[in-house]
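Tertiary structure, described
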Amino acid sequence: MPNKFNLSQPELQEIKKEINQAAKNNNLMWKTVISLSDDFLVKQQIMDNVKDRNLDQRRLKKVVQQVMPDLLKAEGIDQSANWFGNIHLKGDINDQHIHIHLATYEVNTKRPIKKNILNGQLEPKGVFKQKTINHLKRDFWKAARLDKNQEIERNLLIKRQIDSKKLIQSFQKQDTIYHSYQQKETLNAIIHLLPENSKKWRAKSNAIEMKAANQLANDFIQNFLKDSQANQDLLKDNKKLQKVYQKGYGHSTKTDQYARDQQEKIQNRLVNELYRTIKNLEPQYFEIDYDQKERSLEKHAEIKKRLEEQVQELKRKKQPVPKKLSKELGRQKRAIHVFYREQELDDLRAKQADFKDKHDAFVLFQEKQIKQRIQYLELDQTPNFRLSNSQKATKKELAWQTTCPEKADIKMVNQSYYTYHLKEIQDERALLTDSELSIESLTAKERRDELNLLERREKILFAKQKIFINNELMQSSELNATARRKLQNENRNQFEHIDALKNGQFDDEKSRSTKNQQPIKHINKPKKHSSIKLNSLGVEAILKQLAKGDSQRGMDEAEYAYEAEQERIKSAERKKEMEE
């Protein structure tokens, strides 16, 4: 019978039949007892302590399996004998120590036959040699002893478990304000990207709709791991263990990639813990239409870039783009759009403040334009479903009236747009031409710069209007190929002309920038949004739960880390045992 750690009921019945047959054949059963002191078991880390007496029975069974073949061979019965054993913790005559009962028998013996002087029957020679028994004790002690490499390995595994716990708990110590402002958008993006079916919320999920969420979740976790001392300690532990395994088991895919695989394991564990925490969050950790006090353009741009890459990858593979992914990408684009609108509002209001003590005709003209633009931007910041029909109509009209020709899309430059902005340019030029009408607001040089700007703006307006008209003509089905090609060439020339005018415009606009205009990194004005989002308390709750969830696992994992790691490294051996 092949070596097994545990016997099934049918196997026990089979052994019983063989023993009965051996008895009928007048063959013997040799009984051996190996008694083990508590000191030995604790020192070799087979038992945890004398009080709890938790025993690594698997390890003891493996040692017995290792030494029994030599005993049988020494007695000349290795080809004919079978054996079985049982570990006794207490309860029989020998209740002082943990001990192992072994029984060896032959159905058909190959040992020397002699006459029993007591009953006169012929039977096999019955006593094992003392030398064989001594060798069994020696071999058992050597096999059961914890060698230096095993001890190093186990201590490293326990240390790694402790460092892993410290790493998780370090989440709890992170600065709450930093979390709220720097990580809130990432967490909200993850929440919005997660599919409705929470069964798919796994770090190693292959579902298409989980890919973007997993990428952001990994970014979120790595953000904490990169500067963590606890994480550095964990990396060192895994590299030391990798060297131990390479020495003990040689170089292989498993041993050479051990440190990397373990780092990936802790990463996946944290991502899964993050998903579980999000799933179980109470409603008070979310807000609807809340006031967001700070918005990071860099964070929105980073998330938008990652989502766009995901969309492009799906399109390359000709796979459908999940609705949640498209929706979240739109949300990030909207956030960036809002950011720039806020920045423009700040610039316009700063310019209004500069005009406070100036009252010439040119200033009044510009104030009218600025007020119109501010009105449009404020309407644009409000979701359409909150606007009345009258407000929607005003917003639509102000959109083209307050968009200058340099920034206008070709589709916008219809006849109404062209007529309106041509008049604006002409009116502004008339004010600048008469120095008395702009004496308070502009110097002579600034007036010349403004006139040059208006000239370029007028040329851009003409060019875009021409392209618009050509595009309208090309919509006709009656247009022949030659005429269409001519219009296309004309449009290409007009676009090149516009680019040249814009490049010349840049330096002038740079010189005209106001002194008060500064780069704005964040917006500090509250803006309402209609979607459900995580609040700052929610961010803190997630981080605390990550730490708490790991603490609840306790240090029990460390106590059993050695056995678990042995089973992982020796998976091939375990698989063989299962097959047997």
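Cut-off values and rules
- Residues numbered from 1 in each chain as written.
- Predicted model: local features only at pLDDT ≥ 70, side-chain atom pairs only at ≥ 80, totals over all residues.
- Heavy atoms only, no water.
- Core = buried A, V, L, I, M, F, W, Y, C linked by side-chain atoms within 4.5 Å.
- Buried < 20%, exposed > 50% of the residue type's maximum accessible area, 1.4 Å probe, protein only.
- Helix = DSSP H or I, 4+ residues; strand = E, 2+ residues; numbered from the N terminus.
- Contact = heavy atoms within 4.5 Å.
- Axes fitted to C-alpha atoms, helices over the stretch in contact; angles between N-to-C directions.
- Parallel < 35°, antiparallel > 145°, perpendicular 65-115°, else oblique.
- Left-handed = near helix turned anticlockwise from the far one by under 90°.
- Nonpolar A, V, L, I, M, F, W, Y, C, P; charged D, E, K, R; others polar.
- Pairing = 2+ DSSP bridges.
- pLDDT = per-residue confidence, 0-100.

**Brief notes about the nonpolar core**
Core analysis: the biggest nonpolar cluster contains 33 residues, and Ile190, Leu194, Leu274, Tyr275, Ile278 and Leu307 have the highest contact counts within it. Elements represented by at least two residues in this core include exactly α6 (176–193), α7 (208–225), α10 (258–280), α11 (297–316), α12 (323–354) and α18 (536–553). Tallying contributions element by element places α7 first for this core, with 8 residues. Discounting chain neighbours no more than four positions away, the residues touching Leu194 are Trp201, Met210, Ala213, Tyr275, Ile278 and Lys324. Within the second largest apolar cluster, 26 residues are counted, among which are Phe40, Ile100, Leu102 and Phe128.

**Things to note about the packing of helix α3 (residues 57–74) against helix α4 (residues 130–144)**
Where α3 meets α4, the closest approach of the two axes is 9 Å, and the angle between their N-to-C directions is 150 degrees. It follows that α3 is roughly antiparallel to α4 by the angle criterion. In this structure, α3 crosses over α4, and the sense of that crossing is right-handed. Contact with α3, carried on its side by Arg59, Leu60, Val63, Val64, Gln66, Val67, Asp70, Leu71 and Ala74, involves Thr132, Leu136, Asp139, Phe140, Ala143 and Ala144 of α4 and no other residues of that element. Its residues assigned to classes, the contact of α3 with α4 comprises 10 nonpolar, 2 polar and 3 charged.

**Brief notes about the pairing of strand β3 (residues 98–106)**
Burial of β3 is extensive: 8 of the 9 residues sit out of reach of the surface. The pairing of strand β1 (residues 29–36) with β3 spans 8 bridges and is antiparallel. By the bridge assignment, Ile34 is partnered in β3 with Ile100. When strand β2 (residues 81–88) meets β3, the two strands line up antiparallel, connected through 8 bridges. Following the sheet pairing, Ile87 is matched in β3 by Ile100.

**Comments concerning the confidence of the model for the chain**
Averaged over all residues, the pLDDT of the chain equals 76, while 75% of them reach at least 70. Model confidence for the chain, summarised as mean pLDDT per element, is weakest for helix α19 (residues 556–559) at 39 and strongest for helix α14 (residues 389–401) at 92. In this model, residues 175–181 is a region of pLDDT below 50 whose contacts with residues beyond four sequence positions or in other chains number 12 contacts. Between residues 505–530, whose pLDDT stays under 50, and residues either more than four places distant or in other chains, the model counts 56 contacts.

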